[in-house]
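Structure assessment
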Amino acid sequence: MISDSALTVSQLNMYIKMMFESDIRLQKVLLIGEISNFVNHYKTGHCYFSLKDDSCGIKAVMFAGNARKLKFVPENGMRVYVSGRVSVFERDGVYQIYVDSMEPEGAGALMAAFNQLKDRLEKEGLFSPERKKTLPEFPNKIGVITSASGAAFHDIVTVMSRRYPLGEIIFYPAAVQGPECGRDNVKALREMNKREDIDVIILGRGGGSAEDLWGYNDESLVREIANSKIPVVTGIGHEIDFTLSDFAADVRAATPSAAAEIVTPDITELYQWTDSLIFRLENAASSIIEKLEDTLKNSAERLKYSDPVNKIEKQSKDIELMKSRLETAVSVYLGNAEKQLAVADEKLKMLSPVKMLQKGYAMIFRDDTKIKSAAEISENDLIKVMFSDGTASCRIEEIRKYG
Amino acid sequence: MKKDNLTYEEAMKKLQQLTEELEKGELTLEETVKLYDEATKLSGYCTGLLNNAKLRISEMAEKKEEE
C-alpha cells in the first residue's frame, strides 16, 4: 500500500533537518552577503532577513540573544560578514542560516556611513542652532528614556534626588543598543510628545564602545529628536563619545549624570533664592515700619510744640529774654544819662553866681533884697554890693535910666 | 489665597511679586502687614516644599503593539 510508505510532511522535514545537522560543514559557516528584507521583530527582538549576492539568496535569522550583542544597526543593502549554522525551519520547510554574530564589511565602513549620514542631515539643517529649544528653568516632569537595567537610569535618579527632588521622572524603558535601540527610542519620544505635561526629555545611556552606541546614529531616531516639541537632552556614553543623536539634541551632555544636572536647578540655589527673597522682604517691611515710625515721631514732635503748657513756657522764656534785653538797654541808657548829667553839671557850674562874681560881676542887695533893676532904687538908698570875696556898703548918688 | 496647589515656581514668582510690591514702600501700615503676612506664609510654603520634596518616579506604560 502506498499509504504504508507515505511520510508525513513533519517526518520529511525532520529528516531533512537531521541531514543538515549531521553535516559538520554546515555547523560553522562564515558567509558574506548583502542584507535584504531586514525585519526586527518588535515583540521578540529576533531579526529576520535575507543575505544575497548577485544571483542567489538565503534566509537568515538572528535571535534576540545574539542580536542584542550587535555593535551596529543592520540595514538593507549593507554588506556583512555573518557566522552561524545552517539548518531547517521545519514548520515552513525552509533552510536558513542561524546567525550567531554579524559584522559590517570593511573596518572603516561604519565610520564612513556615520560621516555620510552626518553630512546629509547637517545639510538638511537638522543640527542647526536655530532649531535648538531652550530648556525650562523649573521642569516639573522630566522624561527619561533609557534602559531599565542600565547604570544610566540609576545615575539620573541619584543626581535628581540630590539636586531637584521637586521634580518627577517619567521613565520610558528602551533598548540602548542593538537594532531595537533606534526604534525603541523613536517610539518613546513619540509617546512622550503626545503628552502635554512633560517639560524636558533625557535620552541616556552609559558608556560603551562606538559600536555599542551605534543605535544612537539611527537616522529615524536623529530625525525624531530634531522634531521633538519637547526639548531633548542627550547623555550618551562618555565625554569623548559623539553620536548623531547628540548633534540633533537641544543640549548634549557628556554623560547621563551630566544630563540630569543640566535639566535641573540645584536645590541649594533654590534655598538661597528663597532666603534672598525673605531677606528682601524683611528689609522692605522694616523700612516701611521705620518710615511710619519717623512720621509718628514727627507728628508727636509737632504736637508737643503746640501744647499750651509749652506755649506758656516758651512765652515766659521770651519774656525773660525781653526783660533782660530791657535791663541792658536801661543800664546803658542810665550810664549815658549820668555822663550827660556830669557834663550838664559842669556847664551849670560855669553859670553859677560865684563864678560870675569871680569874672567881675557883682550882686546888689538892699535890705537883703536882690536888686535887678535901676527902677528899684532911689537916690540916697543904702545898698550892699557883693563881690566874690566880700561886700561893700554904698550910697546911691545919682540914678540914670536907659532908654 | 489658595497656595496649596502652587508649584515651587509659581509660589516663588508670587513671593517675588509681593516682595517687589513691598519694596516700593508705598503701602499703608495695614496693607504692609497684610502683604507681609501673606509673603511670610508663602516663603514658609516654598521652604516647606524644598524640605519635604522627594523625587517621584513613574513609568510610562508601554502600549503593546501587535506586529
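Conventions and cut-offs
- Residues numbered from 1 in each chain as written.
- Chains lettered and ligands numbered in written order.
- Predicted model: local features only at pLDDT ≥ 70, side-chain atom pairs only at ≥ 80, totals over all residues.
- Heavy atoms only, no water.
- Phe/Tyr/Trp six-rings, centres within 6.5 Å; stacked < 30°, edge-to-face > 60°.
- Helix = DSSP H or I, 4+ residues; strand = E, 2+ residues; numbered from the N terminus.
- Buried < 20%, exposed > 50% of the residue type's maximum accessible area, 1.4 Å probe, protein only.
- Lys NZ or Arg CZ within 6 Å of the ring centre and 35° of its normal.
- Polar contact = N/O pair within 3.5 Å; in protein donor to acceptor, adjacent residues only side chain to side chain.
- Pairing = 2+ DSSP bridges.
- Axes fitted to C-alpha atoms, helices over the stretch in contact; angles between N-to-C directions.
- Contact = heavy atoms within 4.5 Å.
- Salt bridge = Lys/Arg side-chain N within 4 Å of Asp/Glu carboxyl O.
- Nonpolar A, V, L, I, M, F, W, Y, C, P; charged D, E, K, R; others polar.
- Core = buried A, V, L, I, M, F, W, Y, C linked by side-chain atoms within 4.5 Å.
- Domains from an automatic or database assignment.

**Comments concerning the packing of aromatic side chains**
Residue and element names in this part refer to chain A. Evaluated as defined, the whole model comprises 10 aromatic pairs over all chains. Consider the rings of Phe-38 and Phe-49, whose centres lie 5.7 Å apart with planes at 35°: the pair is tilted. Of the two residues, Phe-38 is situated in strand 1 (residues 29-40) and Phe-49 in strand 2 (residues 47-52); the sequence distance between them amounts to 11 residues. The same class applies to Phe-38 and to Phe-49, which are both buried. Taken together, Phe-127, Phe-242 and Phe-247 form an aromatic cluster joined through their ring pairs. Its guanidinium or amino end placed over the ring of Phe-247, Lys-118 lies 4.9 Å from that ring's centre, counting from NZ or CZ. Just above the ring of Phe-242 sits the side chain of Arg-252; from NZ or CZ to the centre is 3.9 Å.

**Section: the side chain of Ser87(A)**
Considering the arrangement of structural elements, one finds Ser87(A) in strand 4 (residues 79-89). Here Glu21(A) takes part through its side chain, which lies 2.9 Å from a polar atom of the side chain of Ser87(A).

**Quick word on the sheet that holds strand 13 (residues 382-386) of chain A**
Strand order across the open sheet formed by 4 strands is 12-11-13-14 (chain A), with antiparallel pairing between neighbours. Edge positions in the sheet fall to strand 12 (369-370) and strand 14 (391-395) of chain A, since each of these pairs with one other strand and no more.

**Observations concerning the sheet that holds strand 2 of chain A**
Residues and elements named next belong to chain A. Spatial strand order, 1-2-3-5-4: 5 strands in a closed barrel with mixed pairing. Pairwise comparison of adjacent strand axes, ignoring direction, gives a mean angle of 50° for this sheet. Here helix 2 (residues 9-22) sits on the sheet in contact with strand 4 and strand 5 (94-104), set at roughly 135° to strand 4.

**What about the interface of chain B and chain A?**
Contacts between the two partners involve 35 residues from chain B, matched on the other side by 42 residues from chain A. Residues Glu168(A) and Arg56(B) are paired through a salt bridge, measuring 3.4 Å at the closest nitrogen-oxygen approach. Counting the contacts that link chain B with chain A gives 14 residue pairs in polar contact (both at pLDDT 80 or more). Those elements giving two or more residues to the side of chain B that touches chain A turn out to be helix 1 (8-24), helix 2 (29-52) and strand 1 (56-59) of chain B. The dominant element in the side of chain B that touches chain A, judged by the number of residues it contributes, is helix 2 of chain B, at 11 residues. Looking at the side of chain B that touches chain A residue by residue, the class counts come to 14 nonpolar, 10 polar and 11 charged.

**Considering the nonpolar core**
All names here are of chain A. Formed by 54 residues in total, the largest nonpolar core has its most connected members in Phe-49, Ile-97, Met-102 and Ile-145. The dominant element in this core, judged by the number of residues it contributes, is helix 6 (residues 179-194), at 5 residues. A domain split of this core shows at least three residues from each of domain 1 (2-106) and domain 2 (138-265). If we ignore the near neighbours within four places in the chain, the residues touching Ile-97 are Val-29, Leu-31, Leu-51, Ile-58, Lys-59, Ala-60, Val-61, Val-82, Gly-84, Arg-85 and Val-86. Counting 40 residues, the second-largest nonpolar core is a separate cluster that includes Ile-142, Leu-166, Ile-169 and Ile-202.

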